[in-house]
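Residues per chain, in single letters:
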Amino acid sequence: MSGPDRLLRLLQLMRVMAPPITAERLAVERGVSVRSIYRDIELLRLSGARIEGERGYGYRLLEDYALPPQTFDRLEIEAMTLGLAEVRQMGDPDLARAAEAVLSKVAATLPDDREQQLLHAISHVYRPSGRYGAMPHLQAIRQACWDEQEIEISYRDQAGATSQRIIRPLAIMYSDHVLTVLAWCCLRTDFRMFRVDRIDSLSHTGSSFRPRRASLLRDYLSRLRARQSETVPASGGGADERL
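Quick caveat, the model's predicted, so the values are computed rather than measured.

**Student:** For this particular structure, what's the right way to read the overall build of the protein?
**Tutor:** Looking only at helices and strands, one finds 8 helices and 7 strands in the protein. Across the 243 residues that make up the protein, the buried fraction comes to 37%. Of the contacts made within the protein by residues no fewer than 6 positions apart, 57% connect residues no fewer than 24 positions apart. A total accessible area of about 14500 Å² is found for the protein, and carbon and sulfur atoms account for 53% of it.

**Student:** Got a minute to help me understand the state of the cysteines in this structure?
**Tutor:** Chemically, a disulfide is nothing more than a covalent bond linking the sulfur atoms of two cysteines. Evaluated as defined, the whole model comprises 0 disulfides. Of all cysteine sulfurs in the structure, the one in Cys185 sits closest to Cys186, which takes part in no disulfide; the separation is 6.7 Å.

**Student:** What's the story with the environment of Thr109 in this structure? I'm lost.
**Tutor:** The topology assignment puts Thr109 in helix H5 (residues 93-109). Judged by relative accessible area, which is 41%, Thr109 ranks as partly exposed. Separated by 38 residues in the primary sequence, Thr109 and Thr71 have C-alpha atoms spaced 9.0 Å apart.

**Student:** Looking at this structure, I do not really get the sheet that holds strand E4 (residues 162-174). What am I missing?
**Tutor:** Sheet strands associate in pairs through backbone hydrogen bonding, adopting either a parallel or an antiparallel arrangement. In spatial order, the strands read E6-E5-E4-E3-E7; together these 5 strands make up an open sheet with antiparallel pairing. Only two strands of the sheet have a single partner each, and these edge strands are strand E6 (190-195) and strand E7 (199-208). Going across the sheet, the axis of each strand differs from the next one's by a mean of 45 degrees, ignoring polarity. Here strand E5 (residues 179-185) runs beside E6; their pairing, made up of 6 bridges, is antiparallel. If you follow Trp184 over to E6, its bridge partner there is Phe191. Together, E4, E5 and E6 form the strand contacts of helix H8 (residues 213-226), whose direction differs from that of E6 by roughly 85 degrees.

**Student:** Where do I start with H5 in this structure?
**Tutor:** Working note: α-helix, 3.6 residues per turn, so residues spaced by three or four point in the same direction. Over its 17 residues, H5 runs 25 Å from end to end, which matches the ideal 24 Å to within 8%, given 1.5 Å per residue. A distance of 3.2 Å separates the backbone nitrogen of Asp94 from a side-chain oxygen at the start of H5, and that oxygen is part of Asp92.

**Student:** I'm lost on the packing of helix H4 (residues 74-88) against H5 in this one. Help?
**Tutor:** Geometrically, a packed helix pair is captured by the angle between its two axes and the distance between the axes. Running from amino to carboxyl end, H4 crosses H5 at an angle of 155 degrees, the nearest separation of the two axes being 8 Å. Taken together, the axes of H4 and H5 lie roughly antiparallel to each other. Once H4 is placed against H5, the crossing between them reads as left-handed. Facing Met80, Leu84, Val87 and Arg88 of H4, the residues of H5 in contact are Leu95, Ala96, Ala99, Glu100, Val102, Leu103 and Val106.

**Student:** In this structure, what is going on with the pairing of E4? I would like to understand it.
**Tutor:** Looking along a regular strand, one sees side chains alternate from face to face of the sheet. Summarising the sheet, strand E3 (residues 149-156) and E4 pair through 6 bridges and their orientation is antiparallel. Its bridge partner being in E4, Tyr155 is matched across the sheet by Ser163. Relative to E5, E4 is paired through 7 bridges, and the arrangement is antiparallel. Counted as the bridge partner of Arg168 is Trp184 from E5. Hairpin geometry of E4 and E5 is characterised by an intervening segment of 4 residues between the two adjacent antiparallel strands.

Calculation notes
Residues numbered from 1 in each chain as written. Predicted model: local features only at pLDDT ≥ 70, side-chain atom pairs only at ≥ 80, totals over all residues. Heavy atoms only, no water. Helix = DSSP H or I, 4+ residues; strand = E, 2+ residues; numbered from the N terminus. Buried < 20%, exposed > 50% of the residue type's maximum accessible area, 1.4 Å probe, protein only. Contact = heavy atoms within 4.5 Å. Areas by Shrake-Rupley, 256 points an atom, 1.4 Å probe, with all protein chains shown as cover. Disulfide = S-S within 2.5 Å. Pairing = 2+ DSSP bridges. Axes fitted to C-alpha atoms, helices over the stretch in contact; angles between N-to-C directions. Expected span 1.5 Å × (residues − 1). Polar contact = N/O pair within 3.5 Å; in protein donor to acceptor, adjacent residues only side chain to side chain. Parallel < 35°, antiparallel > 145°, perpendicular 65-115°, else oblique. Left-handed = near helix turned anticlockwise from the far one by under 90°.

Put into structure tokens, the structure is as follows:
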């Protein structure tokens, strides 16, 4: 394998590998020695790649706009087109606009033949209507996740009973027909799910839970994975679904 191809493969592996990205893990994935990984990381740095970390602690790749654009094969282009088309059909106008922007930006960086494959892909999505109805609080929830800010919500359960909750929003979960917020509920002092369409009002408490969102979400997802073999409650759960 040529040197440039070897470095590009390592760069792509660092893009997709979940942290912590250690030299040992990279060596196993690439089938080379740890010493070779150390050498190639230094070569990538000299080529302009922004890679944080050091030997014995692990690495983190920071994308650098000075790096050349990636080349996608035909199947990768189909996957990207299909994924962005699905986002546009969800009924979330902010994400739909973002998907259009991503598609145009990617198309602008591709060689002419790849751009044509992107614009004339064979994979399409058809939905007569968006998956989800009106969601007036969705953008505020998304922003609260990004900013790691607690919010107070008025929440209506399946029976119509309303309760006030202060939550730490961790992620937005898109399922077939329901959007839910994965959150830490301060009232229950535990993880809970809240359907976005049952949130009647939302306000900011002014309290931050930074930098705990990533660790809380990791713990919650670990719990969800541990329960995958158990009976999954219906998606129309109560005021504070424990899934």
